[in-house]
Amino acid sequence: MKTNRRCRALLAVSLNLMALLFSTTAFITTHWCEGTQRVPKPSCGKEKKTNCLNYGGNETANETNQNVVHYSWETGDDRFLFRYFHTGIWYSCEENINAAGEKCRSFIDLAPASEKGVLWLSVVSEVLYIMLLVVGFSLMCLELFHSSSVIDGLKLNAFAAVFTVLSGLLGMVAHMMYTQVFQVTVSLGPEDWRPHSWDYGWSFCLAWGSFTCCMAASVTTLNSYTKTVIEFRHKRKIFEQGFREEQNFLDQEAIKYFRERSVQSFTPTGEVSMVSGSRTKSRLSPTSA
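Worth saying up front: this structure is predicted, and the values here are computed from it rather than measured.

1. Let's talk about the packing of aromatic side chains
The full count for this structure, using the stated rule, is 13 aromatic pairs. Between Phe182 and Trp193 the ring centres are 5.9 Å apart and the planes differ by 80°, which places this aromatic pair in the edge-to-face class. Residue Phe182 is located in helix H5 (residues 150-188), and its partner Trp193 is located in the loop between H5 and strand E7 (197-200); the two are separated by 11 residues in the primary sequence. For the pair Phe182 and Trp193, one class covers both residues: buried. Aromatic side chains Tyr200 and Phe204 sit 4.2 Å apart centroid to centroid with 15° between the ring planes, which places their arrangement in the stacked category. Since its relative accessible area comes to 30%, Tyr200 is described here as partly exposed. Members of the aromatic cluster, connected to one another through ring pairs, are Trp32, Phe85, Phe107, Tyr178, Phe182, Trp193, Trp198, Tyr200, Phe204, Trp208 and Phe211.

Structure representation (structure tokens):
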């Protein structure tokens, strides 16, 4: 039983550690959502000769560079660039079309004013989610390595399960609130930021993977707790039944013993009284004659 309890505790600790690592990584990265943004092409110049608009109408430049597009109402999407972007809880980064690299801006500033409160609630919930995961992980480690008795281990196990379940619920609420804020920002955010197409990124997958590992750790911890309690109750029931049977056996043996002693003590006394009575009668008979 002790080996099984240790294996279950080690599994719960591993799942909780994975949940903690996944949630921390997702919280600090900027790939919750990613996609493309449609932005107008910049004007061509000395430093920018590709993916730009040529307002000068230079035919020679147009012949030598196929990426240059003349400004016209009939060019349609040729007048636009589709730049890659990715967004996290804190920052939104997009490809810099005028230079190499990316430029980032605060996603909290991009969110509509009506959604800023929900976004801050999401941030607070994510922080509490990570903190409760740390508390649950610490309690599980104490139960695994430093519990001196089974009772102390059960207490730590119960508290770890409670903190892990609470952290999982907070994490689920935080992820859902952030998703709601992002969808509203897509519709009501700044025009120069609104995505043309988007999808969820690997940080979002890590966040929900963390939630899955967290709930699996809580279920494993609760299972370990309930199974240990059931095993103790079963052993206690067997012990009580054996104790009662032994007590009944001892009582029967004691009754039998006292009965035999009472019979043995009564039989010699009767014989002595009968013998003494006959002797007295024999002594008195000649005198009476």
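2. Re the UniProt feature "transmembrane region" (unreviewed entry) in the protein chain
Look at the UniProt record and you will see "transmembrane region" (unreviewed entry) annotated at residues 127-146, 158-180 and 200-226. The span residues 158-180 is 100% helix and 0% strand, and its two end C-alpha atoms sit 34 Å from each other.

3. Observations regarding the nonpolar core
Ranked by internal contacts, the top residues of the largest apolar core, which has 28 residues, are Trp32, Phe107, Leu119, Tyr178, Phe182 and Trp193. The set of elements that each furnish at least two residues to this core consists of helix H1 (2-28), helix H3 (107-110), helix H4 (116-145), H5 and helix H6 (202-288). Considering each element in turn, this core owes the most residues, six residues, to H6. Counting residues in hydrophobic clusters, the runner-up holds 10 residues, among them Met140, Cys141, Leu144 and Ala217.

4. A few points about empty space enclosed by the protein
Applying the stated criterion across every chain, the model contains one cavity of 30 Å³ or more. Of the voids in this model, the largest cavity is the one considered here, and its volume is about 40 Å³. If you go around the largest cavity, the residues you meet are Arg8, Ala9, Ala12, Met140, Glu143, Asn157, Thr221 and Ser224. Those elements giving two or more residues to the lining of the largest cavity turn out to be H1, H4 and H6. Ranked by residues supplied to the lining of the largest cavity, first place goes to H1 with three residues. Here the residues of the lining of the largest cavity sort into three nonpolar, three polar and two charged.

5. A look at the state of the cysteines
Enumeration according to the criterion identifies one disulfide in this entry. Linked covalently through their sulfurs, Cys93 and Cys104 form a disulfide whose S-S length is 1.9 Å. Judged by the sign of its S-S torsion, about 105°, the bond between Cys93 and Cys104 is right-handed. Placement of the pair is Cys93 in strand E5 (residues 91-95) and Cys104 in strand E6 (residues 102-106), with a sequence separation of 11 residues. Given a relative accessible area of 4%, Cys93 falls into the buried group. Free of any disulfide, Cys213 has its nearest neighbouring cysteine sulfur in Cys214, separated by 8.8 Å.

6. Focus on the side chain of Ser167
Within the secondary structure layout, Ser167 lies in helix H5. A relative accessible area of 0% places Ser167 in the buried class. If we ignore the near neighbours within four places in the chain, the residues touching Ser167 are Tyr129, Leu132, Leu133 and Cys214.

Rules of the game
- Counting restarts for each chain: residues are numbered from 1 in the order of the written sequence.
- Thresholds applied to this predicted model are a pLDDT of at least 70 for local features of residues and 80 or more for the giving and counting of side-chain atom pairs; totals over whole chains, interfaces and linings are not thresholded and use all residues.
- Side-chain descriptors were evaluated using all non-hydrogen atoms of the structure, hydrogens and water having been removed beforehand.
- Aromatic pairs are defined between Phe, Tyr and Trp rings, using the six-membered ring for Trp, whenever the two ring centres lie within 6.5 Å; interplanar angles under 30 degrees are classed as stacked, those over 60 as edge-to-face, and all others as tilted.
- Strands here are runs of E lasting at least two residues and helices are runs of H or I lasting at least four, both read from the DSSP assignment and numbered beginning at the N terminus.
- Working definition: with a 1.4 Å probe on protein chains only, accessible area under 20% of the residue-type maximum means buried, over 50% means exposed, and in between means partly exposed.
- UniProt positions are given in the numbering used here, feature names are shortened, and annotations may be inferred rather than shown by experiment.
- Nonpolar cores are built from buried Ala, Val, Leu, Ile, Met, Phe, Trp, Tyr and Cys residues. Side-chain atoms within 4.5 Å join them into one set.
- In the cavity and pocket records, a cavity denotes points on a 1 Å grid over the protein atoms alone where a 1.4 Å probe fits but cannot get out, a pocket denotes an open set with protein on both sides within 12 Å along at least 5 of 7 lines, and lining residues are residues with an atom within 4 Å of a point.
- Grid points are joined across faces, edges and corners, and a volume is the space filled by probe spheres set on the points.
- Residues are grouped as follows: Ala, Val, Leu, Ile, Met, Phe, Trp, Tyr, Cys and Pro are nonpolar; Asp, Glu, Lys and Arg are charged; all remaining types, including Gly, are polar.
- We call a pair of cysteine sulfur atoms a disulfide whenever their separation is within 2.5 Å.
- A contact between two residues is defined here by any heavy atoms of the two lying within 4.5 Å.

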